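Understanding the architecture of this molecule
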Amino acid sequence: MGSDTSKTCPVLKTRTLEDHSDDFSRLSENALRQYKLSIKQKYESEWSSLSDEQESLSALYNEPVIIQKNENGSFKNISVDRLLMSYGAMPVILQGDSGSGKSIIAQKIMLDWASETSRHLNVVFYLRCEELMCVSEEINLIELLSYSCSLTSDQISQMLQHSPEKVLFIIDGFDELRLTQAIFDMSAITDPLQKAPPEVILCSLLRRYLIPKSKLLVTTRTRNTLNKLLKGQPCFTEIMGFSEKKVETYFQKFFSKEYDCVRANETLLTACSIPVICWIISEMFRVGADVTSGLETITSIHVDFVSTLLEHHCQGLSQSVSTLLRSLGQLAERGMLEQQVLFDEKNVNEIISDPDGNPFLCRFLSKRRIRQETMFTFMYHSFQEFFTALYYVLLDEEESQRKVRELLHTVERGWALSCWSDRDFSMADVEVRQSKLLQPVILFLCGLCKKEWIPSFFEKHNMAVSVNIETQLKEWISTYSQRYQNEHMLFILHCLYELHEKSFIRKVLEKLVLIDLSNSPLKMTDCWVLKYCLQCCEHIRNLKLHVTSDNLKMLQPELSRCKELWLMMDHIPDDVVGLVSAAAEGKILNKLNIKKLDNHGKLSGYLSGISVSVRDGDITLSIGTSVSNSSVTELTVTSPHSLISTIDWVKSQREWAFNSYGYLSSGQHEVRLLTFLQSASGLKKVCLHDSLLTKTFASEIPSFIQACPSLIELSINVSGQLMLEYTQSMKTSLEKMGWTLIVFVCAHAGQFQCSLTNLVFVMEGEGEVLYRVDSWDLRLLDGLGQMQPAGPLYNIDCFNGSLSGLHFPHCEILSEENKDILAVAHFTGGNVETMKPLKVTETHVMTDIRDLSLFGLLKRKIFPSCPVIVQVILFLRPITARQRDSILDVHLLPWNVPLSKVQGQHKESTHITTSSKCSLIPGSEYSLRCEPEGSTVQPMTEKFECNFGPNYHPTFEVFVNFNTEEVRLSLSDKTEGKEVWVPRRIVFT
Ligand SMILES: Nc1ncnc2c1ncn2[C@@H]1O[C@H](COP(=O)(O)OP(=O)(O)OP(=O)(O)O)[C@@H](O)[C@H]1O
């Protein structure tokens, strides 16, 4: 890297800043006016169609949808006008695929500035990376800028010094920079007069070493490398393409009659959301080509377009069509491998005869001072990608296979490296980037294998196609779809779509445990591709998507083919009700999760999430909302009807809250909800999170329970200040926020059993019992000698003082030796008293009580230990994309540990119901066996201990191949090898 600072700029060296400000206005005004004029002239006449009709940029320009992405995955739409506003010196990244219109937007910003519609910028520099890569010598920033505009070095120097915060650099086509280790190793270039290769200068701008206060807009197809080069958090935006309305506007401008045939073909209409496809189709209209059929894939659109051009613009060529296409392919491939989009005349002439008359190449006018000779480029980058793929299929079989093998290997290697690459830019990033840029070639190769349409093109031009490529591609897709179910799944779906072979798509997708497309919001074309792929399958196991509500409409009919569906959305639209009903019916879809990504802050009235799951005929609905204080409501019902009416009700509340800016006073929302729920048929369980248990709310509970005969559980997770005031009588341990209190309501005298814990309350009269399962503090047992816990610790309180007795569930198998070992422990005021039970039945220990607080069962340690009743609890861990195995957690716990308590610690996992009862001896060792062979159990053996919390870790973990749908589990005594829990079939649903 050179650093020729001897060639100094006199203005920079000899004057002070103050001197500049006067000069600046005088000098710059004229120069800027000239500069702006040249920009306007350029963009007024730059665009010409193939038939040489001139268009101005303003006439051609159509506003695409651009989104600005937030760190939490949420996004908002942003207009081009606002793209550069209010981010200060924070760089703005504009990402988009080939042909999405990045350069057009960059040029539109230039034109707007030149037309003085944006006044917040003094000067804008447009740096096209592909052109700068033709500069072979070292260069400083000032020279580099003067190459790209009509200003002199002196004028540029002044402008950079005068108010750098009002200078905008647009770096267009970052992917064209050939980055090497030099970027990583380079020392900071901070002086605008220091020379270096152009890519190093551009990277210094990006890294904010040069003119750090300036504004920066970078356009790129890929994001990883930029992420690493940019200091701080940039503003990320992405071009999503034209909306349907804008596609119409595009065609109405020039081809209003012909637009009807685009509108009539939904596939084509969707493809036209990609701006360059709009251009291709309008060029086909221009020459009167048939666009009514065959345009199903992006490849087929390119093939048809190439065919049309060959017909209309290549009649007098000296070469045969196949020679022409091969030579274009050779040039394209060279560029793809060497990251080159501009080719000098000499090289082009060696490969292609008469490049000037070739409609697929554009001559690059050498107005610029970078190089004097003429350059050529493909009309759009997507054609360079297409011709590379075409070249591969036209080679002889052996060569073709070799090239495709290398391509697939390079792309996969980049994928593998991207999983492991360093935080800083390194050589691995060069490969990752190259892999990303080559991906579209694979896509076109898939499209060229398509059986129905493409061959006619080859037949017409008498060209043979290598058939083995198809097998290679399919094998590659099958293998890597399994490995990359997250990062590269969208690309794989696009490949499958281009292949357009239903049976193959089904074979690939039905095997996958997870299709995770939740990284980024899907574009219209992504959704179209996904829709087609889903249509090919009978069912999909687990699909995660990030979609806009508009795109959900397109996908919705197919989504009920998923067994589990996760949606991340900008807002939850009303029509998700269709999906909710499908999930509630539970035919295929039996778990639905919809989450709203928060991009508006916590505004009252938003539905923040809906989840529905079905198990054994019970439908559980969980609704998150920020209306009032209630954030999540969980219901279990038996009829889908109740589900829909509940969602409707929540939405009506939301509207009410919105329209009236209403804020329901504490507990009022819960009261309204309970009143509404009385009409929900088949209501089994209600769980309210973050509720305020006010006096009014509490007083509504008994009548609610009376009105809902099917209700078996009402659980209220209480929080908030008012709760503290109201429950002064129970102030012990209520300070902790987020308590799980089970509000146990007894409407009259009698015995009531809590279905969650099996604890029985003996009531003298009407009353409310509040209790929770607490953790033992074993230090409290220090003075009690040979006693140990024999059940959970319960923290109990009761209003109206009507609780007179308790029956504690136990897990002992009673015999002569152990019939007297149980006692009840009562903790008051830091002391513990042990009480002899009134009676011990097979299941419960009964006692009278005088006052309330902490109670638990104790048992005397005896030798040898007696067996206890144990539950085998199974949880299937959530599947992640990188996971090769399904992981099953096996817990061995005393029978009287509440399942809900264990579930609470493993919320992410799925509980698998099984006949779980067995008897084990505390202190003995057991081993777990799992079939089929090949699954792993860890540890091999484990000692069973009676664990009553606070933590419930699995006793064993079982790893089985994720394609396994069923296993057989059994538990044996280690010393005698006797089965203590005979083999059970465990189905992973
Ligand atoms: N906003 C737009 N309005 C009208 N036409 C557009 C727009 N954006 C793109 N196009 C059409 O698509 C063509 C390709 O756009 P452009 O060259 O800007 O894409 P790009 O994203 O820079 O592609 P690449 O990454 O391949 O360089 C344009 O020449 C134009 O015909």
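On record in UniProt, under Subcellular location (unreviewed entry), the comment for the protein is "Cytoplasm, Cytosol".

Strand order in this open sheet of three strands is β10-β12-β11, and the pairing throughout is antiparallel. Each edge of the open sheet is held by one strand with a lone partner, namely β10 (343-344) and β11 (361-364). In the sheet, β10 pairs with strand β12 (residues 375-378) via two bridges, with the strands oriented antiparallel. For Phe 343, the partnering residue across the bridge sits in β12 and is Phe 376. With respect to the sheet, helix α16 (residues 321-338) is in contact with β10, β11 and β12, its orientation differing from that of β12 by roughly 95°.

Below, the discussion takes up the pattern of salt bridges. Tallied over the entire structure, the rule returns 32 salt bridges. Between Asp 820 and Lys 819 there is a salt bridge, with its nearest N and O atoms 3.8 Å apart. Via salt bridges that share partners, Lys 69, Asp 97, Glu 238 and Lys 523 belong to a single interconnected network.

Near the ligand lie 20 residues; those nearest to it are Asn 62, Gly 99, Lys 102, Ser 103 and Tyr 380. A distance of 3.0 Å separates an oxygen atom of the ligand from a polar backbone atom of Gly 101. Contact between the ligand and Tyr 380: an oxygen atom at 2.5 Å from a side-chain N or O atom of the residue. When the ligand sits alone it has 630 Å² of accessible area, and the protein chains cover 92% of it. Looking at the shell around the ligand, its residues break down into ten nonpolar, seven polar and three charged.

The sheet built from seven strands is open, its strands ordered β4-β3-β9-β5-β8-β7-β6 with mixed pairing. Edge positions in the open sheet fall to β4 (75-77) and β6 (123-128), since each of these has one partner strand only. Ignoring strand direction, the axes of neighbouring strands in this sheet form an average angle of 20°. Two elements, strand β3 (residues 65-69) and strand β9 (residues 235-241), share five bridges in a ladder whose sense is antiparallel. Bridge pairing links Gln 68 to Thr 237 in β9. Its contacts with the sheet put helix α6 (residues 141-148) on β6 and β7 (167-172), and the angle it makes with β6 is roughly 90°.

Conventions used here
Residues numbered from 1 in each chain as written. Predicted model: local features only at pLDDT ≥ 70, side-chain atom pairs only at ≥ 80, totals over all residues. Heavy atoms only, no water. UniProt positions renumbered as here; feature names shortened; annotations may be inferred. Pairing = 2+ DSSP bridges. Helix = DSSP H or I, 4+ residues; strand = E, 2+ residues; numbered from the N terminus. Contact = heavy atoms within 4.5 Å. Axes fitted to C-alpha atoms, helices over the stretch in contact; angles between N-to-C directions. Salt bridge = Lys/Arg side-chain N within 4 Å of Asp/Glu carboxyl O. Near = heavy atom within 4 Å. Polar contact = N/O pair within 3.5 Å; in protein donor to acceptor, adjacent residues only side chain to side chain. Areas by Shrake-Rupley, 256 points an atom, 1.4 Å probe, with all protein chains shown as cover. Nonpolar A, V, L, I, M, F, W, Y, C, P; charged D, E, K, R; others polar.

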